[in-house]
Each structure stands twice: as C-alpha cells, then as structure tokens.
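For reference, the chains in residue letters:
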Amino acid sequence: MKLKYVASVVGMLCLAGAAHADGFVNGGFESGSTDGWTTGGGYRGSVYNVDLTPAQLLPGGVLNADSGSRGTVVDGSYVDPLLGSLLGSTIYSGKYAYRAEDTYTGGYGTAISQKVSNYTDSQIVFAWKAVLENGGHVEDESALMKLTLTDDTTGQLLVSRTYNAGYTGSGVDARFSSEGSLFYTPQWQVESLSIDASLSGHSFTLSLLAADCNPTAHTGYAYLDGFGAALPVPEPETYGMLLAGLALIGVVARRQKSA
C-alpha cells in the first residue's frame, strides 16, 4: 500500500508539471503553423517607434497591408542567417517557433497576437529572442521590437518589453549582446506572470511586433515560443520533487523486500 501511495504522489507531480491552459491554442506553434494566432504586417517607414504598436500592423490596423507574410514558423533545423551559432537555438521548446518579420531590410514590420479568455491557470509564460540592427539612427528611428501582455478585462499593461537598435545602445539592456552592427539576445528570454485571485478569470492578449528601421535600410526581427500556462519543460524544483519521489519508492521497495 505504501509503495502504491508514493507512486500515486509521483504521478500527480508529473501531471502537475504538464498542466496547461485549455484556452491557449498552438502556443508553441507545434502544429507547424500560426493556427490560433492573428498575424499581420505592413510598411512602417513613415512611423516613429514611439507611435508604432502591434495593433497598427494587425488586421484592421492603419498600417496593415498583408497577413504577416514576412513572418514564418521555423523548425529545429533553422539557423539564424545573420548570427548563426551566436544566436543559438531558434526553438525554445518542442519542434517549432515563430519568427516575426524577415531578416532583410525594407522598412517593414510584422506583428502576431493571441487572446485567451476567462483564464484561470496559475501563470502565463512565454519566451522570446530578438535581433536588431544598429544603423546609426536615433532610438526613435531604429529597428524595433515591442512585446506586450495586456489584461483586457481591466486594460492594464502587465508585461512590456520594448527594445531598439539606437546608435547609443541605450535602446537595449543587459539581455542583449552585440556582434558588428547587431544587437541580439543569445539566450531565450523567459517571461512569467503569476495569476493571483485579482487576475484569475480575466482575458489576456499577448502581442509581439518586430520592425525594420524607420529609414528602411536596417533589419529587425524577433522569435517567439512557448506561450502557455507552464514552462514547456519541468522547472528545476519539479525535477527535484520527482527524483525525491522516485528515491522514496526505492527505499519502500527495499524495505518490503527485506521484510
């Protein structure tokens, strides 16, 4: 009986580590497509960074001119064409991720967004990487990424990550490294928001925008993966609990055998 009880506890820990919100659709792009997401794009050369938002490039936005054709789902064989191994993996977890905007120049931008309603899981997590080319422009005209998580129920901005490739370097932070004219994040940046009683049951929208510079000659793009209710892989403490449970099973089994 003791052995069965311990085994059931370990089983529950495994299930807890795999829990996810039913409201999210294709959060890891594991369908190999952008099903469940809204995508869009257009020309941003006439708009300064301070005025540029994901909504402007999504369907119905004032800058929307396409369905996000310069963005793409990438698989594990995809190597970043500008940085190669310096950027590391273009997949955070699973087989696929999404790249917002292409790796060329031209003054365009791409946005992707997903909304989840009546959200009741304990957290929201997602991961991103960015590559922004420094063309010697001021911050408000440089290649850009904007990532936001909004509480649609209250209108509150919960997570905001805005970076640009301004020539002074003040548009990026310690998350970024540099290689030649490129600012980039060599590690996946994992964002996590705890959903407490004040947020449970609300609706949330995650949006990502990546854009070339305003003068149009320098590129900006970003990768997104793992939007969901739990990290795609067990956290270190979960590994520890599982190992402890397995060890306890071994101790109980040995005692029963001795008896």
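Everything in this summary refers to the structure shown in the same document. Note that the coordinates shown come from a computational prediction; the quantities given were computed from them, not determined experimentally.

**Details of the side chain of Ser203**
Turning to its location among the elements, Ser203 is positioned in strand 11 (residues 202-211). Setting aside residues no more than four positions away along its own chain, Ser203 makes contact with Lys115, Val116, Ser117, Asn118, Thr150, Asp151, Asp152 and Thr153.

**A few points about the environment of Tyr98**
Turning to its location among the elements, Tyr98 is positioned in strand 3 (residues 96-100). For Tyr98, a relative accessible area of 1% puts it in the buried group. The spacing of Tyr98 and Ile112 is 14 residues in sequence and 9.2 Å in space, taken between C-alpha atoms. Aside from chain neighbours lying at most four places away, what touches Tyr98 is Phe29, Thr34, Thr39, Gly68, Gly71, Thr72, Val73, Thr110, Ile112, Ala222, Tyr223 and Leu224.

**Details of unusual backbone geometry**
Residue Phe29 is not a glycine yet carries a positive backbone phi of 60 degrees. Here Phe29 lies in the loop between helix 1 (2-18) and strand 1 (38-43). Taking relative accessible area as the criterion, Phe29 reaches 0% and is therefore assigned buried. Look at Glu101: it is not a glycine, yet its phi comes out positive at around 75 degrees. Tracing the sequence through the fold places Glu101 in the loop between strand 3 and strand 4 (108-119). Judged by its relative accessible area of 0%, Glu101 falls in the buried class.

**Quick word on the pattern of salt bridges**
Taken as a whole and assessed by the stated rule, the structure comprises 5 salt bridges. Between Arg70 and Glu101 there is a salt bridge whose closest N-O contact spans 3.3 Å. Pair noted here: Arg70 is in the loop between helix 2 (54-57) and strand 2 (72-75) and Glu101 is in the loop between strand 3 and strand 4, with a separation of 31 residues, a long-range link. With respect to class, Arg70 is no different from Glu101; both count as buried. With a closest N to O distance of 3.9 Å, Arg175 and Asp173 form a salt bridge. Taking relative accessible area as the criterion, Arg175 reaches 23% and is therefore assigned partly exposed.

**A closer look at the sheet that holds strand 1**
The sheet built from 5 strands is open, its strands ordered 1-4-11-6-7 with antiparallel pairing. Each end of this open sheet is capped by a strand with a single partner; those strands are strand 1 and strand 7 (156-164). Neighbour to neighbour, the strand axes of the sheet diverge by 10 degrees on average, direction disregarded. Relative to strand 4, strand 1 runs antiparallel, the two sharing 6 bridges. Bridge assignment links Gly40 to a residue of strand 4, and that residue is Ala111.

The rules behind each value
Residues numbered from 1 in each chain as written. Predicted model: local features only at pLDDT ≥ 70, side-chain atom pairs only at ≥ 80, totals over all residues. Heavy atoms only, no water. Helix = DSSP H or I, 4+ residues; strand = E, 2+ residues; numbered from the N terminus. Contact = heavy atoms within 4.5 Å. Buried < 20%, exposed > 50% of the residue type's maximum accessible area, 1.4 Å probe, protein only. Salt bridge = Lys/Arg side-chain N within 4 Å of Asp/Glu carboxyl O. Pairing = 2+ DSSP bridges. Axes fitted to C-alpha atoms, helices over the stretch in contact; angles between N-to-C directions.

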